[in-house]
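# Understanding the architecture of this molecule
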Amino acid sequence: MRSSIVIDAPGLSVADDFVKCQSNNYNHNLYSRYYIISLSFCLLNPLVFLLHPLFRPCIVNFIFNFLCHIYLSIMNDLEDNGEFQVVKHSSRNKRRNNRPRVNSKFVADNKVVDNNVPVEEIFEKVQAASQKFHESPFRQTLLYELNKALRQLDSKGIIDIVCYGLGNFSEFNCPKYQLAALLTVKSTYSANVFVYDPLFTNNESQCLKLLNLNVIENNEEGKRLIQNHTTLVFMPHCSKQLINNFLYTNWSPLIKNCILLGNSWSDIECHTTDALFQQTIQYMYKLKPYVTEIKLQNNFQYPNTFSGTSIHIFTEEQLDKIPSDFWNKKPVLSRDYNDQEFIAA
């Protein structure tokens, strides 16, 4: 029996490999070509064999090989563009996929996460991703910009790293390579790392501990008070509420010890009305005039992994511009119930 191709498009199922969508930003030209060729392959392939007695064998072989060649070239184009990932099932994977997923849960994008992926397999995936990240130009970009931020803060290095909202790195590429970036920074600065995401499976938590990371046991909702030394707050693609909660907890001049790596505040401001910005993420709104934002060049192989990511720091030069009573005016922390990415305790 032949396995089937499944693509997030209505009414499309084609014979051969299983194709898993990696991104919602489809390449429409490739997608259209793929749809046409796949449909032609499905219709013409059986037709050729039905009419086999009417054709010479060489003609049948030529038509079949021609269709296969075009189909595979389209698949390669899609994979090279990072839009789809071809996943070939080994017998080992088939055995694992046939097991009942009694402890599985749904994540935000409605994809099931398998809690039964062995720790050893997760560890191997992370190691492979770390090696790939090490060879990426984005590694140099990230470390260069972090060093620039440290110079502006007159700091010698990063002592602690707090990471929130990493996601299920055992199943998905974005969190897997974000974890690889986190491990790179940890190794570069010999920093202590504290990490938490309510979506972590038990085996993912075990893997993080094997990597010498400290897994936070309870959902702090981002409300961790940093110590009096330079701390990197690593929150790639996290909710605005989580960032706002962190700023609320660390509302003092000691915010100068923070390096925030996450969604660009400038982009958030551009995509949010002033009234909504002030109402829902008021702490970010109040600090926005005094933040120094360093945008990261998105030169990673998979663009969605670090898209819209910036480094945010608070230099003494900027903090000196703040009025003396600024820190005393601490508004009540609001909750944006429309922020579906935020998971409350």
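What you see is a predicted model, and the numbers here were worked out from it, not measured in a lab.

## Some points on the confidence of the model for the protein chain
- Residues with a pLDDT of 70 or more make up 63% of the protein chain, whose mean pLDDT is 75.
- For the stretch residues 72-110, pLDDT sits under 50, and the model shows 73 contacts to residues farther than four places along the chain or on other chains.

## Remarks on the pattern of salt bridges
- Applying the stated criterion across every chain, the model contains six salt bridges.
- The salt bridge involving Lys223 is made with Glu221; its shortest N-O contact spans 3.3 Å.
- Judged by relative accessible area, which is 36%, Lys223 ranks as partly exposed.
- One salt bridge in this structure joins Lys295 and Asp267, with 3.2 Å as the shortest N-O distance. Pair noted here: Lys295 is in strand 12 (residues 292-295) and Asp267 is in helix 9 (residues 265-270), with a separation of 28 residues, a long-range link.
- For Lys295, a relative accessible area of 48% corresponds to the partly exposed category.

## Observations regarding the sheet that holds strand 8 (residues 192-196)
- Read across the open sheet, the seven strands follow the order 9-8-7-10-11-13-12; overall the sheet is mixed. Strands at the two margins of the open sheet, each flanked by one partner only, are strand 9 (214-215) and strand 12.

## Description of the packing of aromatic side chains
- Enumeration over the complete set of coordinates arrives at 17 aromatic pairs.
- Relative to Tyr283, the ring of Tyr248 lies with its centre 5.5 Å away and its plane at 70°, an arrangement referred to as edge-to-face. On the criterion of sequence distance, the pair formed by Tyr248 in helix 8 (residues 240-249) and Tyr283 in helix 11 (residues 282-287) is long-range, its members being 35 residues apart.
- With a relative accessible area of 26%, Tyr248 lands in the partly exposed category.
- A relative accessible area of 0% means that Tyr283 is categorised as buried.
- Relative to Phe306, the ring of Phe300 lies with its centre 5.4 Å away and its plane at 80°, an arrangement referred to as edge-to-face. When sorted by exposure, Phe300 lands in the same class as Phe306, which is buried.
- Taken together through their ring pairs, the aromatic side chains of Phe133, Phe138, Tyr177, Phe300, Tyr302 and Phe306 make up a single cluster.

## Brief notes about unusual backbone geometry
- The backbone phi angle of Asp154 is positive, close to 55°, even though this residue is not glycine.
- Relative to the elements of secondary structure, Asp154 occurs in the loop between helix 5 (137-152) and strand 7 (160-164).
- Of note in the backbone geometry, Ser190 takes a positive phi value of approximately 50° without being a glycine.
- Relative accessible area serves as the criterion here: at 63%, Ser190 is assigned to the exposed category.

Rules behind the numbers
- Residue positions are given per chain, counting from 1 as you read along its sequence in written order.
- The predicted nature of this model means local features are confined to residues of pLDDT at least 70 and side-chain atom pairs, given and counted, to a pLDDT of 80 or more, with totals for whole chains, interfaces and linings taken over all residues.
- No hydrogens and no water enter the side-chain calculation; it runs on all heavy atoms of the structure.
- pLDDT is defined as a per-residue confidence score from the predictor, taking values between 0 and 100.
- Contacts: residue pairs with any heavy atoms within 4.5 Å of one another.
- A pair is scored as a salt bridge if a Lys or Arg side-chain nitrogen falls within 4 Å of a carboxyl oxygen belonging to Asp or Glu.
- Accessible area is worked out with a 1.4 Å probe on protein chains only. A residue is then buried under 20% of its type maximum, exposed over 50%, and partly exposed in between.
- Put simply, DSSP H or I for four residues or longer makes a helix, DSSP E for two residues or longer makes a strand, and each gets a number counted from the N terminus.
- Between any two strands, at least two bridges found by DSSP are needed for them to pair.
- Planes of paired rings set the category: under 30 degrees apart is stacked, over 60 is edge-to-face and the rest tilted, where pairs are Phe, Tyr or Trp rings (Trp by its six-membered ring) whose centres lie within 6.5 Å.

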